[in-house]
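Structural features, examined
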Amino acid sequence: MGAHLQGIFYTIVYVLICNMFIETFEEKRILPKKFLVYGIFILYVIIDYVASVTFDKNIFFKVLVVVNVGTLFMWIRFRQKIIKIFFMVFLFQGMC
């Protein structure tokens, strides 16, 4: 149980820092509802954590899923060109 709590906490920190990293380069998009921003964040954390646990033994698929999920959610959040968001998420993943 402690390992799962630690993993969830790590994933929350990862998503927050990824969001801040992309915010430094992209213009923040104003979403109509505040709960939509939190919903996107929570869904991103859940999917990212499930992917990390599921593909624990296969690092290639784990990175592939995490980068693609991050690209999708950051594209929804910032609405910039998807290829630009992909490279920023990939760069962030590489730095982590």
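Residues numbered from 1 in each chain as written. Predicted model: local features only at pLDDT ≥ 70, side-chain atom pairs only at ≥ 80, totals over all residues. Heavy atoms only, no water.

**Points about the overall build of the protein**
So the rule is basically this: Secondary structure counts use DSSP, requiring at least four H or I residues in a row for a helix and at least two E residues in a row for a strand, with both numbered from the N terminus. Radius of gyration here is computed from C-alpha atoms only, and the compact-globule reference equals 2.2 Å multiplied by the residue count raised to the power 0.38. Three labels apply to residues, based on accessible area from a 1.4 Å probe with only protein chains included: buried if under 20% of the type maximum, exposed if over 50%, partly exposed otherwise in between. Should any heavy atoms of two residues lie within 4.5 Å, those residues are considered in contact. Where accessible areas are quoted, they stem from the Shrake-Rupley method and a 1.4 Å probe; at the residue level, only the protein chains shown are allowed to cover.
Within the protein, the regular secondary structure consists of 4 helices and 0 strands. When the elements of the protein are put in sequence order from the N terminus, they spell out α-α-α-α. For 96 residues, the compact-globule estimate of 2.2 N^0.38 gives 12 Å, and the C-alpha radius of gyration of the protein, at 13 Å, lies within 12% of that figure. Overall, the C-alpha framework of the protein stretches about 35 × 25 × 15 Å when taken along its three principal axes. Counting all 96 residues of the protein, 33% fall into the buried class. Partitioning the intrachain contacts of the protein with sequence separation of at least 6 by distance along the chain shows that 71% fall at a separation of at least 24. For the protein, the exposed surface amounts to about 6,600 Å²; the carbon and sulfur share of it is 74%.

**What about the environment of G94?**
On the secondary structure map, G94 appears in helix α4 (residues 82–95). You can call G94 exposed: its relative accessible area is 63%. G94 sits 21 residues away from F73 along the chain, and the two C-alpha atoms are 18 Å apart.

**Things to note about unusual backbone geometry**
Backbone geometry places R79, a non-glycine residue, at a positive phi of 55°. Mapped onto the fold, R79 is located in the loop between α3 (59–78) and α4. The exposure class assigned to R79 is partly exposed, which follows from its relative accessible area of 42%.

**Overview of helix α1 (residues 2–25)**
Basically, it comes down to this: Each residue after the first adds 1.5 Å to the expected span of a helix.
End to end, α1 covers 35 Å across 24 residues, agreeing with the expected 34 Å (1.5 Å per residue, within 8%). For α1, the complete set of buried residues consists of G7, T11, Y14, V15, C18, N19, F21 and I22. Summarising the contacts, the buried residues of α1 are in contact with α2 (34–54), α3 and α4.

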